[in-house]
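Analysis of the macromolecular model
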Amino acid sequence: TCALLNSQPMGFYAPAQLVRDAQQHGVEVRAVDVNASHWDCTLERAENHALALRLGFSRIDGIRKDWADAIVEARLRGTFVSVEDIARRAALPPQALRKLADADAFGSCTQSRRDALWEVRRTPPTQLALFAFADAPELGQEPAAHLPPMPLTDEVITDYQTARLSLKGHPMQFLRARLTSEGVLSCADANVLPDGRKARVAGVVLTRQRPGKGNAVFITIEDETGVVNALLWSRDLDKQRRAVMAARLMLIEGEIQKSKEGVVHLMAKRVIDRTAMLDHL
């Protein structure tokens, strides 16, 4: 899994699927952190001596390798204790600090995502001579900002916006009650239906692929229970192309097809764009 993540983009499976599969096989996956991560994903020893997967800075959208290298080099001289500390020692620009805070990468500094974002906003972009005396008692200390905790919904959505995956939860779990009331199945429930059964399944879109000039589009959607692989024939694509190509949250109606080997596909007939549900989160 570590090697596959470091080889992205590649193959049919998105990083979120790879991480979920590893977790389902008992692998501990650890978040991006300024005091532990490298540019690539790495392996660490857990307390029980098993291997754990540490996500790398490369998982964060928009982060630059030279910023990550500067963090790793500065970290050799000691553990970072705050946003200001890493800004000074690694000489990071405000843009880099903001991306790290957005991705909740300051956890080991005992700072929540919201607290880190607040500190990023008040950290000067360059270390002026005046701030060399910031710890002097006569200058006083800025009172702590008592920020309300970020709801889990916001945490998960922001994880997906910054890293395209979350270790805290899944956006679909917050929509499950509403979808169930509409007769929409979870991915796990759809995958155990018998061959030929009609199903309505919704999930966040992970991949869309149309190999070569093939006559089918392969779509993978994910919810908090797993994934569903759907197949849409080209003849059914043209009349709903916008929903197929633009939806981030997709509701697919179709028929379950199971092979003798146990491979499950949802043969899609209708695709509905339900992205607006994500916007409500």
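Now for a quick tour of the structure.

Cut-offs applied
Residues numbered from 1 in each chain as written. Predicted model: local features only at pLDDT ≥ 70, side-chain atom pairs only at ≥ 80, totals over all residues. Heavy atoms only, no water. Pairing = 2+ DSSP bridges. Helix = DSSP H or I, 4+ residues; strand = E, 2+ residues; numbered from the N terminus. Axes fitted to C-alpha atoms, helices over the stretch in contact; angles between N-to-C directions. Contact = heavy atoms within 4.5 Å. Expected span 1.5 Å × (residues − 1). Buried < 20%, exposed > 50% of the residue type's maximum accessible area, 1.4 Å probe, protein only. Polar contact = N/O pair within 3.5 Å; in protein donor to acceptor, adjacent residues only side chain to side chain. Core = buried A, V, L, I, M, F, W, Y, C linked by side-chain atoms within 4.5 Å. Salt bridge = Lys/Arg side-chain N within 4 Å of Asp/Glu carboxyl O.

Considering the sheet that holds strand β4 (residues 198-209)
Strands sit in the order β4-β5-β6-β8-β7 around a closed barrel of five strands; the barrel is mixed. Taking each pair of neighbouring strands and ignoring which way they run, the sheet shows an average axis angle of 55 degrees. Relative to strand β7 (residues 249-258), β4 is paired through seven bridges, and the arrangement is antiparallel. Note that in β7 the partner of G203 across the bridge is M250. Relative to the sheet, helix α2 (residues 15-24) contacts β4, β5 (216-223) and β6 (226-233), its axis offset from that of β5 by approximately 50 degrees.

Regarding helix α7 (residues 152-163)
Taking 1.5 Å per residue as the helical rise, α7 with its 12 residues ought to reach 16 Å, and the 16 Å between its terminal C-alpha atoms agrees with that figure. Counting buried positions along α7 yields nine of 12 residues, so the element is predominantly enclosed. Looking only at α7, the buried set comprises T153, E155, V156, I157, T158, D159, Y160, T162 and A163. Looking at the packing, one finds that the buried side of α7 touches α5 (94-102), α6 (113-122) and β5.

Observations regarding the pairing of β7
Counting buried residues in β7 gives seven out of 10 residues, a clear majority hidden from the surface. Bridging between β7 and strand β8 (residues 264-273) involves nine bridges; their strand directions are antiparallel. Following the sheet pairing, E255 is matched in β8 by M267. Hairpin geometry of β7 and β8 is characterised by an intervening segment of five residues between the two adjacent antiparallel strands and by a positive phi of about 95 degrees at G262.

Considering the sheet that holds strand β3 (residues 51-54)
The three strands lie next to each other as β1-β3-β2, forming an open sheet whose pairing is mixed. Taken across any chain shown, the strands that pair with only one partner, and hence form the sheet edges, are β1 (28-30) and β2 (42-45). Strand after strand, the sheet turns through a mean of 35 degrees between neighbouring axes, direction not considered. Across three bridges, the pairing between β1 and β3 is parallel. Paired with V29 across the two strands is L53, which belongs to β3.

Some words on the side chain of T162
Among the secondary structure elements, T162 is positioned in helix α7. With a relative accessible area of 12%, T162 lands in the buried category. Separated by 2.9 Å, the side chain of T162 and the backbone oxygen of T158 make a polar contact. Residues in contact with T162, not counting those within four places in the same chain, are R59, I60, D61, D102, A103 and R113.

Brief notes about helix α4 (residues 83-90)
Of all eight residues making up α4, six are buried, and the element is well covered by its neighbours. Buried residues of α4: V83, D85, I86, A87, R89 and A90, and no others. Residues of α4 that are buried make contact with α3 (65-75), α5 and α6. Phi for A91, located one or two positions after α4, is positive at around 55 degrees.

Things to note about the nonpolar core
Grouped together as the largest cluster of nonpolar side chains are 38 residues, with contacts concentrated most on I86, L92, L100 and F106. Of all the elements in the fold, those that place two or more residues in this core are α1 (2-6), α2, α3, α4, α5 and α6. In contact with I86, not counting residues within four places along its chain, are V34, I71, F80, A91, L92, L97 and F106.

A closer look at the pattern of salt bridges
Under the definition given, this model contains 24 salt bridges. Between E155 and R113 there is a salt bridge, and its shortest N-O distance comes to 2.4 Å. Pair noted here: E155 is in helix α7 and R113 is in helix α6, with a separation of 42 residues, a long-range link. Across the pair, exposure class does not vary: E155 and R113 are buried alike. As a salt-bridge pair, R178 and E182 come within 3.6 Å of each other at their nearest N and O atoms. The class of E182 is partly exposed, set by a relative accessible area of 29%. One connected set of salt bridges, linked through shared partners, spans D104, R113, E155, D159 and K168.

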